[in-house]
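Residues per chain are reported as follows:
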Amino acid sequence: SPSPFTQVPVPGWNGRYFTPDNGDSGISQAFYISPFAQTEWKITDSFSLDAGARVDLLSISYSDPAGFLPGDKVTVGLPNYNISANYKVAANLATYVTYNWSQNPVGSTGNGGGLTTAGNPNFSNRNLRNESELMEAGVKYTTPNGKAFVSGSVFYQTRDNLQQDRSVVQLKGQGVELEGNYQPTRNFYLTAGYSYTDATVNAPQFDVGNTDLTPATWRYFLLPANTELRRQGVPRNLVNVLATYKHDSGFGATLGGVWTSNILNNVAGTLVIPEQYSLDLTFFYVKKSYELKLAFLNVTDEENWSAP
């Protein structure tokens, strides 16, 4: 749908048009050099520290072959560092605390991808230095016979995210993760995991609103500003289970399943995917030099939904 006021033909591609002044078109190049350092301090037999740091020296250039934008070049240094404290409570019980902080370029989420000036004459320092922060603490336990392993952790993370309209929002996630593994014999293996994630965004996210499933009054732009909103596409509760049995002859089977609680399917939270599950069943035959598999995905034929 070309418009003589906003769109021009794509060079070398008849019948295609683009908007020249928003940074969707262009050629970008990026070069990284990333010096890093890492170390471990064993303070006692039970207590140790792991630390690392890196800086991404990023040199980028952007040019617009159509000549509507002047193009730009810039070199930035993006830091990334982490530290972990590990304490061994007993021979089979360990705990840890981890912290990580970094800056990252988000690039362009519009047509063409790459690193663009987003329609501006110069690169935006804000879009090149999006921040991410993670704090996590956990515990790990292995049974004395080594046949079972369980772990649990709590986490808190914030991360800047570039929207399709090039606005920047902050994503926040906090929650709990539990995992267990059990292998009583060489023939059988069982693993299961559970996570609770409270995921929010600090501003209404960009919503095209190009569906008649929801009226305009349900869309993001009527949500209050400066409030934390539940994030689209992330279930609060997730359970996964996987079991494998392998006979000494090489024949075996694997059954895996994933269950999720309800998921918001639009940013306003008015279109909701209900709780759902999926089961996969795989039969296999393994020999020393080859392996045969027959996999049935979604074996119970559930009609599941996924968020955009």
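The structure reproduced in this document is the subject of the present report. These numbers were taken from a predicted model, which means no experiment stands behind them.

**Some thoughts on the overall build of the chain**
Then, in step 1: Secondary structure summary: the chain contains one helix and 18 strands in total.
Then, in step 2: Relative to its 308 residues, the chain shows a buried fraction of 30%.
Then, in step 3: Taking the intrachain contacts of the chain between residues at least 6 apart in sequence as the baseline, contacts between residues at least 24 apart amount to 55%.
Then, in step 4: In the structure as shown, the chain presents an accessible area of about 18700 Å², 56% of it carried by carbon and sulfur atoms.

**Remarks on the pairing of strand β9 (residues 148-162)**
Then, in step 1: Both strand β8 (residues 130-142) and β9 contribute to a ladder of eleven bridges, which runs antiparallel. The residue of β9 that forms the bridge with Ser 132 is Arg 159.
Then, in step 2: Taken together, β8 and the strand that follows it, β9, pair antiparallel across an intervening segment of five residues, in which Gly 146 is found at a positive phi of about 75 degrees.
Then, in step 3: Judged from the 15 bridges that link them, β9 and strand β10 (residues 168-185) form a sheet pairing that is antiparallel. Counterpart to Gln 157 in the pairing with β10 is Gly 173.

**Re the nonpolar core**
Then, in step 1: Counting nine residues, the largest nonpolar core is built from Leu 58, Ile 60, Tyr 62, Leu 69, Val 76, Leu 78, Leu 115, Phe 123 and Leu 128.
Then, in step 2: Secondary-structure elements contributing two or more residues to this core are β5 (47-63) and β6 (72-90).
Then, in step 3: The element contributing the most residues to this core is β5, with three residues.

**Remarks on the packing of aromatic side chains**
Then, in step 1: Using the criterion set out here, one finds five aromatic pairs in the structure.
Then, in step 2: Taking the centre distance of 4.4 Å and the plane angle of 40 degrees together, the rings of Phe 251 and Tyr 285 count as tilted. Of this pair, Phe 251 sits in strand β14 (residues 251-260) while Tyr 285 is found in strand β17 (residues 276-286), placing the two residues 34 residues apart along the sequence.
Then, in step 3: Aromatic pair Phe 283 and Phe 296: ring centres 6.4 Å apart, planes at 80 degrees, arrangement edge-to-face. On the criterion of sequence distance, the pair formed by Phe 283 in strand β17 and Phe 296 in strand β18 (residues 291-296) is long-range, its members being 13 residues apart.
Then, in step 4: Pairwise contacts between aromatic rings join Tyr 81, Tyr 99 and Trp 101 into one cluster.

**Things to note about the environment of Glu 275**
Then, in step 1: Structurally, Glu 275 is set in the loop between β16 (272-273) and β17.
Then, in step 2: Between the alpha carbons of Glu 275 and Ser 261 there is a distance of 4.2 Å; along the sequence they are 14 residues apart.
Then, in step 3: Filtering out sequence-adjacent residues up to four positions away, Glu 275 remains in contact with Trp 259, Thr 260, Ser 261 and Asn 262.
Then, in step 4: Side-chain polar atoms of Glu 275 contact the side chain of Trp 259, separated by 3.4 Å.

**What about the pairing of strand β7 (residues 93-104)?**
Then, in step 1: Pairing of β6 with β7 involves ten bridges; the strand directions are antiparallel. Bridged to Tyr 87 within β7 is Thr 95.
Then, in step 2: The hairpin turn running from β6 into β7, its antiparallel successor, is two residues long.
Then, in step 3: Pairing analysis gives twelve bridges linking β7 to β8, with the strands arranged antiparallel. Bridged to Asn 104 within β8 is Asn 130.

**Considering the pattern of salt bridges**
Then, in step 1: For the structure on display, the rule yields three salt bridges.
Then, in step 2: Among the salt bridges present, the one from Arg 54 reaches Asp 56, with a minimum N-O distance of 2.9 Å.
Then, in step 3: Residue classification places Asp 56 among the buried residues on the basis of a relative accessible area of 11%.
Then, in step 4: Note that Glu 291 and Lys 293 form a salt bridge whose closest N and O atoms lie 4.0 Å from each other.

About the thresholds
Residues numbered from 1 in each chain as written. Predicted model: local features only at pLDDT ≥ 70, side-chain atom pairs only at ≥ 80, totals over all residues. Heavy atoms only, no water. Helix = DSSP H or I, 4+ residues; strand = E, 2+ residues; numbered from the N terminus. Buried < 20%, exposed > 50% of the residue type's maximum accessible area, 1.4 Å probe, protein only. Contact = heavy atoms within 4.5 Å. Areas by Shrake-Rupley, 256 points an atom, 1.4 Å probe, with all protein chains shown as cover. Pairing = 2+ DSSP bridges. Core = buried A, V, L, I, M, F, W, Y, C linked by side-chain atoms within 4.5 Å. Phe/Tyr/Trp six-rings, centres within 6.5 Å; stacked < 30°, edge-to-face > 60°. Polar contact = N/O pair within 3.5 Å; in protein donor to acceptor, adjacent residues only side chain to side chain. Salt bridge = Lys/Arg side-chain N within 4 Å of Asp/Glu carboxyl O.

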